[in-house]
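Topology and contacts: notes
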Amino acid sequence: MGYEQLIVDVEGDVAIVRMNNATRLNALSPTMTREMLEALEKLRADEAIRAIVLTGEGRGFSAGADLSEFGEPYAKGERPQLSLFLKEGYNKLIPLLAEMPKPLIAAINGVVAGAGISLALACDLRIAGDGATFTTAWVKIGLVPDAGSSYLLPRTVGMPKAIELAMLSERVDALSALGIGLVHRVVPHESLMDEARGLAGQLARLPTVALGLTRRLLEEASHLSLSEALDREAEVQDQAAATEDHLEGVLAFLDKRGPVFKGR
Ligand code: T3D
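The structure reproduced in this document is the subject of the present report.

Reading guide: rules and limits
- Going along each chain's sequence as written, the residues are numbered from 1 onward.
- Only residues with pLDDT of at least 70 get local features here, since the model is predicted, and only at 80 or more are side-chain atom pairs given and counted; chain-wide, interface and lining totals rely on the full set of residues.
- To get the side-chain values, all heavy atoms of the structure are used, and hydrogens and water are removed first.
- If even one non-hydrogen atom of a residue comes within 4 Å of a molecule or strand, that residue is called near it.
- For this analysis, a polar contact is any N or O atom pair within 3.5 Å, provided that within protein one partner can donate a hydrogen and the other can accept it, and provided that sequence-adjacent residues contribute only side-chain to side-chain pairs.
- In these tables, accessible area is a Shrake-Rupley quantity obtained with a 1.4 Å probe, and a residue counts as shielded only by the protein chains included in the view.
- Strands here mean DSSP runs of E at least two residues long; helices mean DSSP runs of H or I at least four residues long; both are numbered from the N terminus.
- For this classification, Asp, Glu, Lys and Arg are treated as charged, while Ala, Val, Leu, Ile, Met, Phe, Trp, Tyr, Cys and Pro are nonpolar and the rest, including Gly, are polar.
- Definition used in this section: a nonpolar core is a set of buried Ala, Val, Leu, Ile, Met, Phe, Trp, Tyr and Cys residues joined via side-chain atoms within 4.5 Å.
- Burial status follows relative accessibility: with a 1.4 Å probe on protein chains alone, a residue under 20% of its type maximum counts as buried, one over 50% as exposed, and anything between as partly exposed.
- The rule for a salt bridge is simple: a side-chain nitrogen of Lys or Arg has to be within 4 Å of a carboxyl oxygen of Asp or Glu.

**Section: the site of the ligand**
Neighbouring residues of the ligand: 26 residues in total, closest Arg59, Ala63, Ala65, Leu67 and Ala115. For the ligand, an oxygen atom lies 3.4 Å from a polar atom in the backbone of Thr23. Between the ligand and Leu67, the relevant distance is 2.9 Å, taken from a nitrogen atom to a main-chain nitrogen or oxygen of the residue. Starting from 1,100 Å² of accessible surface for the ligand in isolation, the protein chains cover 67%. Among the secondary structure elements, those contributing two or more residues to the shell around the ligand are helix H2 (68–75), helix H3 (82–88) and strand E6 (111–113). Per-element accounting of the shell around the ligand gives the leading share, three residues, to H3. A class-by-class count of the residues in the shell around the ligand yields 16 nonpolar, five polar and five charged.

**Things to note about the nonpolar core**
Formed by 49 residues in total, the largest nonpolar core has its most connected members in Leu6, Met36, Phe61, Ile108, Leu119 and Phe134. When residues of this core are assigned to their parent elements, the largest contribution, six residues, is made by helix H1 (residues 30–45). If you look at the next biggest cluster of nonpolar residues, it comprises 15 residues, including Val14, Ala107, Leu199 and Leu203.

**As for the pattern of salt bridges**
Counted under the stated rule, the structure contains 15 salt bridges. For the salt bridge of Glu72 with Lys76, the shortest nitrogen-to-oxygen distance reads 3.7 Å. Looking at Lys76, the relative accessible area reads 54%, which means it is exposed. With a shortest N-O distance of 2.7 Å, Glu164 and Lys161 are connected by a salt bridge.

See the structure below:
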């Protein structure tokens, strides 16, 4: 798969997707956004891929929107309607990540800002290198959280912390991010990709359909009453129970052997 601002490597059943606009800390240009949509659609449809790692080249994970794109129109006094770009770009990309039916890991290799935080939040698991730093950034350029962060950030760190992060836009280091639940693990920078690959490999050996359904069920249940959630669990359990992996899991348990899940 050849892209201008993205590198996609397939390593067995794991795909490593690298944002590749390192001189701008992997800022999300229209090209990168379009290429991510294309690549992730393909990986979503590819049954041989059972886990995806999203990371960045160089010292940035992603610095959010590519502000150099704003320079020319703003210098000419033009004020493009940002919602048009958001609807065609992030508003398609974030659901594609958040609803990915296979596990998605953000391997946060460095600086994260603005919509880069949203990308990480839309992944299932976030592992940060110990040098990573986070800043919401929007308010510093007079904008509001977008790319799903108004929704994902409070659900991840709680409303009071989300308000503090969004309004003050201070830089948060990796250990502080771990402390507030913004990331799940912090590892030495040098071992970040080994850790991410290890975790992706572990997830790729699990029942892929059940993992995807689990993510969706937990997300849906946060909007439901208990009785609605119980009904939804029963419906989704029928879907999980119809998979080959469910059968294999039960038979392996009864045979006292390790299961071999196929992701079906
Ligand atoms: O419609 C829409 O698109 C609206 C959507 C908005 C969504 C958003 O994400 S808004 C938020 C956009 N992001 C930012 O405002 C962050 C801007 N960047 C920074 O504040 C800082 O660069 C960082 C805190 C992220 C990192 O600081 P530092 O000191 O580690 O690096 P640096 O020296 O500032 O940046 C290194 C290079 O990357 C530099 O280029 P140069 O001088 O070496 O040629 C810098 O200009 C470039 N860069 C960093 N962020 C961006 C960027 N270039 C374009 N867009 C960026 N977002």
